[in-house]
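Coordinates in review
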Amino acid sequence: GIIFSPFFFGYMDHHRLSIDLGGGDCKWTESFPLPLDSEPFGTLVASYPGGGMRVTWQQIEGLTGITVGDDYQFSGPRVGIIKTQYPHYEGIWSYGATLNQTILVVRNPRWAIPSFHNILSEVNYGQDFSEVYPYLNDLFTKRAPIANWIKWRDLKFETEIDLWAWHIDY
């Protein structure tokens, strides 16, 4: 069977799955996008940034073998499963009306907001993909310095808790 691997080997290797060969051995395989001529029941997987999206899409890929698309890299009208942080400002709406259902991943804001800050710190507080891209291989490898967290928290907490709530209400 296909086994989910919780290990993160860098951004470009994040679509790896493994097949259990027994006796502690496994064979690494890649997930695959759905064929362009398929007619999947499109699914949008949404969460507040830092809300558990990474483990969610890794498990979806591990269980299905289907590549989960990203709103930043959306490449066409029917890829099957797309992940996003929309309607948060870190997400974009790039799929029109091509998706039929939504999975909303909800994480307690006590943990989601600090996790989001760690992500921002790891990408050097970049505001667009060109600023963030050079740091993608470093994601989820370190925590922000406490002094940075306190400064960001004191400046942004009310806005972020409102955005977290708005994400749920949306």
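Everything in this summary refers to the structure shown in the same document. (Residues numbered from 1 in each chain as written. Predicted model: local features only at pLDDT ≥ 70, side-chain atom pairs only at ≥ 80, totals over all residues. Heavy atoms only, no water.)

**So, the pattern of salt bridges**
For the structure on display, the rule yields two salt bridges. When the shortest N-O distance is used, the salt bridge between K83 and D70 registers 2.4 Å. Here the residue K83 occupies a position in strand 6 (residues 81-84), and D70 occupies one in strand 5 (residues 69-70), the gap between them amounting to 13 residues. In terms of burial, K83 and D70 fall into one category: buried. (Salt bridge = Lys/Arg side-chain N within 4 Å of Asp/Glu carboxyl O. Helix = DSSP H or I, 4+ residues; strand = E, 2+ residues; numbered from the N terminus. Buried < 20%, exposed > 50% of the residue type's maximum accessible area, 1.4 Å probe, protein only.)

**Observations regarding the nonpolar core**
With eight residues, the main nonpolar core is built from Y48, A112, I113, F116, L120, W149, W152 and W164. Looking at this core, the elements with two or more residues in it are helix 2 (109-122) and helix 4 (146-169). Counting residues per element, this core draws most heavily on helix 2, which supplies four residues. By size, the runner-up hydrophobic cluster in this structure holds seven residues, among which are V45, M53, I60 and V68. (Core = buried A, V, L, I, M, F, W, Y, C linked by side-chain atoms within 4.5 Å.)

**A short note on the side chain of S121**
Relative to the elements of secondary structure, S121 occurs in helix 2. Residues contacting S121, with those up to four places away along its chain left out, are A144 and P145. (Contact = heavy atoms within 4.5 Å.)

**Topic: the sheet that holds strand 7 (residues 101-105)**
An order of 5-6-4-7 is seen for the four strands of this open sheet, with the pairing classed as parallel. At either end of the open sheet lies a strand with only one pairing partner, and these are strand 5 and strand 7. This element, helix 1 (residues 53-64), spans strand 4 (43-47), strand 6 and strand 7 of the sheet and lies at about 155° to strand 4. (Pairing = 2+ DSSP bridges. Axes fitted to C-alpha atoms, helices over the stretch in contact; angles between N-to-C directions.)

**Describing empty space enclosed by the protein**
Across all of its chains, the model carries two cavities of 30 Å³ or more by this definition. Its volume calculated, the second largest cavity comes out at about 30 Å³. Considering the residues around the second largest cavity, the lining is formed by Y48, V105, V106, R107, W164, H167 and I168. At three residues, the largest contribution of residues to the lining of the second largest cavity is made by helix 4. Classifying every residue of the lining of the second largest cavity gives five nonpolar, one polar and one charged. (1 Å grid on protein atoms, 1.4 Å probe; cavity = no way out; pocket = protein on both sides within 12 Å on 5 of 7 lines; lining within 4 Å. Points joined across faces, edges and corners; volume = space filled by probe spheres on them. Nonpolar A, V, L, I, M, F, W, Y, C, P; charged D, E, K, R; others polar.)

**Here's the deal with a nonpolar patch on the surface**
A cluster of nonpolar side chains, contributed by L104, V106 and I168, occupies part of the molecular surface with about 240 Å² of accessible area. For I168, the location among the structural elements is in helix 4. (Patch = residues over 30% accessible without salt bridge, like charges linked within 9 Å, V, L, I, M, F, W, Y side chains within 5 Å. Areas by Shrake-Rupley, 256 points an atom, 1.4 Å probe, with all protein chains shown as cover.)

**A closer look at the packing of aromatic side chains**
This structure, assessed with the given rule, holds three aromatic pairs. Summarising the aromatic geometry, the rings of Y48 and F116 are spaced 5.6 Å apart at their centres and angled 75° between planes, so their arrangement reads as edge-to-face. Of this pair, Y48 sits in the loop between strand 4 and helix 1 while F116 sits in helix 2; the two residues are 68 residues apart in sequence, bridging distant segments of the chain. Each member of the pair, Y48 as well as F116, carries the same accessibility label: buried. Their ring planes at 80° and their centres at 6.0 Å tell us that F116 and W152 sit as a pair that is edge-to-face. Of the two residues, F116 sits in helix 2 while W152 sits in helix 4, which places them 36 residues apart along the sequence. (Phe/Tyr/Trp six-rings, centres within 6.5 Å; stacked < 30°, edge-to-face > 60°.)

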